[in-house]
Amino acid sequence: MTKIALYDLDKTITKRPTYLPFLLHAAWRHDRWRLIFVPGFGILFALYLVRALDRGGLKERMQDMLLGSPVDAEKMAAIAESFADATLANNLHPQALDRIAREKAAGYRLVLATASYTFYVGPLARRLGFDDLIGTEVERDEDGNILAKIDGENCYGDAKLRRVQAWAEAQALAKEDIEIRFYSDSPTDLPVFDWSDEPLPTNPTSKLRKIADKRGWRIFAWG
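Cut-off values and rules
- Residues numbered from 1 in each chain as written.
- Predicted model: local features only at pLDDT ≥ 70, side-chain atom pairs only at ≥ 80, totals over all residues.
- Heavy atoms only, no water.
- Helix = DSSP H or I, 4+ residues; strand = E, 2+ residues; numbered from the N terminus.
- Buried < 20%, exposed > 50% of the residue type's maximum accessible area, 1.4 Å probe, protein only.
- Contact = heavy atoms within 4.5 Å.
- Areas by Shrake-Rupley, 256 points an atom, 1.4 Å probe, with all protein chains shown as cover.
- Lys, Arg positive; Asp, Glu negative; His and termini not counted.
- Charge placed at Lys NZ, Arg CZ, Asp CG, Glu CD.
- Expected span 1.5 Å × (residues − 1).
- Arc of directions from axis to C-beta.
- Polar contact = N/O pair within 3.5 Å; in protein donor to acceptor, adjacent residues only side chain to side chain.
- Pairing = 2+ DSSP bridges.
- Axes fitted to C-alpha atoms, helices over the stretch in contact; angles between N-to-C directions.

**Student:** Any chance you could explain the overall build of the protein here in plain terms?
**Tutor:** The helix and strand tally for the protein stands at 9 helices and 6 strands. If one aligns the C-alpha atoms of the protein with their principal axes, the spans along those axes are about 50 × 35 × 30 Å. Split into buried and exposed, the 223 residues of the protein put 51% on the buried side. A fraction of 62% describes how many contacts in the protein between residues 6 or more apart in sequence connect residues 24 or more apart. Roughly 10800 Å² of accessible area belongs to the protein as shown, and the carbon and sulfur atoms make up 52% of that amount. Distance from the positive charge centre (31 side chains) to the negative charge centre (32 side chains) of the protein: 8 Å.

**Student:** Would you mind showing me how to read helix 4 (residues 73-90) here?
**Tutor:** For helix 4, which comprises 18 residues, the first-to-last C-alpha distance of 26 Å matches the rise-based estimate of 26 Å (1.5 Å per residue) to within 8%. Within the span of helix 4, buried status applies to M76, I79, A80, F83, A84 and T87. Buried residues of helix 4, seen end-on, are gathered within an arc of 155 degrees and therefore sit on one face of the element. Along helix 4, the residues that are exposed and aim more than 90 degrees away from the buried face are E74 and A89. For helix 4, the elements touching its buried residues are helix 1 (19-30), helix 3 (55-67), helix 6 (118-128) and strand 4 (146-151). Where helix 4 begins, the capping side chain belongs to D72, and its oxygen is found 3.2 Å from the backbone nitrogen of E74.

**Student:** Looking at this structure, I do not really get the sheet that holds strand 2 (residues 109-117). What am I missing?
**Tutor:** Two orientations exist for strands paired in a sheet by backbone hydrogen bonds: parallel and antiparallel. Strand order in the open sheet made by the 6 strands is 4-3-2-1-5-6, with mixed pairing throughout. A strand with exactly one partner marks an edge of an open sheet, and here the two such strands are strand 4 and strand 6 (198-201). Strand-to-strand twist of the sheet, defined as the mean angle between neighbouring strand axes without regard to direction, takes the value 30 degrees.

**Student:** Would you mind showing me how to read helix 9 (residues 206-215) here?
**Tutor:** Residues that lie three or four places apart on an α-helix share one face, since the helix turns once every 3.6 residues. Of the positions making up helix 9, those classed as buried are L208, I211 and A212. Summarising the axial view, the buried residues of helix 9 lie within an arc of 100 degrees, below the 170-degree limit, and thus occupy one face. Every exposed residue of helix 9 that faces more than 90 degrees away from the buried side is listed here: S206, K210, D213 and K214. Looking one or two residues past helix 9, G216 carries a phi angle of roughly 75 degrees, positive in sign.

**Student:** Would you mind showing me how to read the environment of A77 here?
**Tutor:** Of note, A77 is situated in helix 4. The class for A77 is partly exposed, based on a relative accessible area of 38%. Each C-alpha atom of the pair A77 and G122 lies 9.0 Å from the other, and the pair is 45 residues apart in sequence.

Put into C-alpha cells, the structure is as follows:
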C-alpha cells in the first residue's frame with residue numbers, strides 16, 4: 001500500500017494566499033511600471049463577484065496586467081526562486097513544516113495539489129520536500145515563454161479532483177492500492193476530501209469546520 005500525503009497550499013501550508021503576492025513580487029522585479037494597473041484589480045474582482053468573470057479568467061487577467069504576455073520563462077524561473085525565499089521566510093505555518101517532515105520520514109509520498117500556477121510554486125514545492133506537484137498550468141508560445149492563459153483547467157474544485165485522479169493514473173497508482181490523507185482549508189476541496197481515505201481539514205473556514213464537525217473529521221488548526 002502506497003501512503004500519500006496530499007496537501008493544498010494557500011492558507012493550508014501558508015498563512016496567507018500566494019497568487020497576488022507573487023504577482024506583486026514578480027512585477028517589481030520584471031516590469032515595475034506595471035504596478036500602475038493594481039487599482040484596476042478592483043474592477044476585475046467586481047466582475048468576478050457578479051459572475052461576469054470566472055476564477056480562471058480572473059487569474060489570467062491579473063497575470064496579464066502585472067506580468068504581460070508572453071513573459072520570458074527563464075526570468076520567471078529566477079523570480080519564482082526569489083519568491084520561494086520570501087515565502088519560506090515569512091508565510092509558512094511552522095506546524096505544517098513539522099507535519100511534512102514527519103510524513104516524509106514515515107515514508108509518505110508527498111504531493112502538493114494547488115490551484116496556484118506550477119511555474120511559480122515549483123521552487124517552493126521542491127524546497128518543502130514534495131515529491132510531486134499538481135497545479136494550474138499555463139500555455140506557452142513556440143519559444144517556451146509564459147502566456148497569460150491557463151492550459152487546460154484551473155486546478156480548483158471539481159477540476160482539482162480530476163487532476164489528482166489523472167496524476168494517480170499516470171503514476172499507475174490504482175485507488176485500491178493507495179492510502180491518501182488530504183489537508184486543505186477550503187470547502188471548495190470537498191470533492192478531494194470525499195475521495196481521500198483520511199480527510200484532514202486544516203485551518204478550516206467556518207463553512208468547512210461545520211461540515212467537518214458534522215462528519216466527524218479530525219481538524220488541524222495551525223497557527
